[in-house]
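A structural walkthrough
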Amino acid sequence: NKIYFMDAKTNIIAYNIEKNKTEWRFSAIKKNENDHNIGGGIAIHKERVIANTPYGEVISLNINSGKVDWITDVISPIRSAPTIYNDKVMSLTLDNKLIVLDIKNGKIVWQHEGVENNTTIVSTPKVAVDDNIIIVPYSNGEFFGLNYSNGFILWKDSLIDLEESDTSNTFT
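Right, let's walk through the structure included here. Every value quoted in this text rests on a predicted model; they were computed, and no experiment measured them.

**A look at the sheet that holds strand E9 (residues 88-92)**
Read across the sheet, 4 strands follow the order E8-E9-E10-E11 without closing on themselves; strand pairing throughout is antiparallel. Each of the sheet's edge strands pairs with one partner strand only, and the pair in question is strand E8 (83-85) and strand E11 (108-113). With direction set aside, neighbouring strand axes in the sheet form an average angle of 20°.

The structure is reproduced here in C-alpha cells:
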C-alpha cells in the first residue's frame, strides 16, 4: 500500500496509496548546495530504502520512518539507482567507479575503477549481478565481469572498436 520514490528535487518520499498521503519525506540535498543536480535513484531492500544521490552520497533510510541508518560520501555524483544483492549495495559513479558497500553499515567493502571518460551522458548504466559475478558497464564502453566477494576482474571487454588508420595532412 506504499510507494517509494525520489522526486526531481532529490526528496525521497514514502507515499501511502490507500490513505492518499505522504508518510514521510527525506531531503537528500547536501548542505550548502544551492544548485539542483540531475540524477540519483532508489532501491528497496527489506527494511531499508537505499538512495544514490547526484551529490555523491549513498543513503540508507528506515523504510517505515524515513530516519537515516547511515550515509556514505563517495564524492562523485551518482546518476542511477543502486543495485542491491544479498548484503551489498553497488553504486556506479559518474567518473566510472564502482563502489560496493556493506548494506548494514555503509562501509566500503571494495571498489573498482574504469577509465575516466570526459564525455558522458546524463544517465548512467546500471550494474547487474548473477550469482558471484557483477557486470559493470562503464560510460567509456568498457564492461567488466567482477568477482562479487572481492572485486577481482574475471573478464573484461569493450564496445568500442579502436582501429588505426592513416591520415593525411594534405588540404586542397
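**A short note on unusual backbone geometry**
Not every positive phi belongs to a glycine, and Ile75 is a case in point at roughly 75°. Looking at the secondary structure, you find Ile75 in the loop between strand E7 (68-73) and E8. Residue Ile75 is classed as exposed on the basis of its relative accessible area, which comes to 72%. If you check the backbone angles, Asn86 has positive phi at about 50° while not being a glycine. Looking at the secondary structure, you find Asn86 in the loop between E8 and E9. In this structure Asn86 comes out as partly exposed when scored by relative accessible area, which is 49%.

**Regarding the sheet that holds strand E6 (residues 57-62)**
Taking strand neighbours across the sheet as the criterion, the 4 strands line up as E4-E5-E6-E7 in an open arrangement whose pairing is antiparallel. Every interior strand has two partners, whereas the edge strands, strand E4 (41-45) and E7, have only one. On average, each strand axis in the sheet is tilted by 15° relative to the strand beside it, whichever way the strands run. Where strand E5 (residues 48-52) and E6 come together, 5 bridges link them in antiparallel fashion. In the strand pairing of E6, Ile50 is matched with Ser60.

**Some thoughts on the pairing of strand E13 (residues 133-137)**
Burial of the side chains of E13 is restricted to one face: Ile134 and Val136 are buried, whereas none of Ile133, Ile135 and Pro137 on the reverse face is. By the bridge criterion, 3 bridges tie strand E12 (residues 128-130) to E13 in an arrangement that is antiparallel. In the strand pairing of E13, Val129 is matched with Ile134. Between E12 and E13, which follow one another and run antiparallel, lie 2 residues, and Asp131 among them has a positive phi close to 55°.

**Quick notes on the environment of Thr22**
For Thr22, the position within the fold is in strand E3 (residues 21-27). For Thr22, a relative accessible area of 33% puts it in the partly exposed group. In sequence terms Thr22 and Lys2 are 20 residues apart; their C-alpha atoms lie 9.2 Å from each other. Non-local contacts of Thr22, meaning those with residues more than four positions away in its chain, are made with Ile13, Ala14 and Tyr15.

Reading the values: the criteria
Residues numbered from 1 in each chain as written. Predicted model: local features only at pLDDT ≥ 70, side-chain atom pairs only at ≥ 80, totals over all residues. Heavy atoms only, no water. Pairing = 2+ DSSP bridges. Helix = DSSP H or I, 4+ residues; strand = E, 2+ residues; numbered from the N terminus. Axes fitted to C-alpha atoms, helices over the stretch in contact; angles between N-to-C directions. Buried < 20%, exposed > 50% of the residue type's maximum accessible area, 1.4 Å probe, protein only. Contact = heavy atoms within 4.5 Å.

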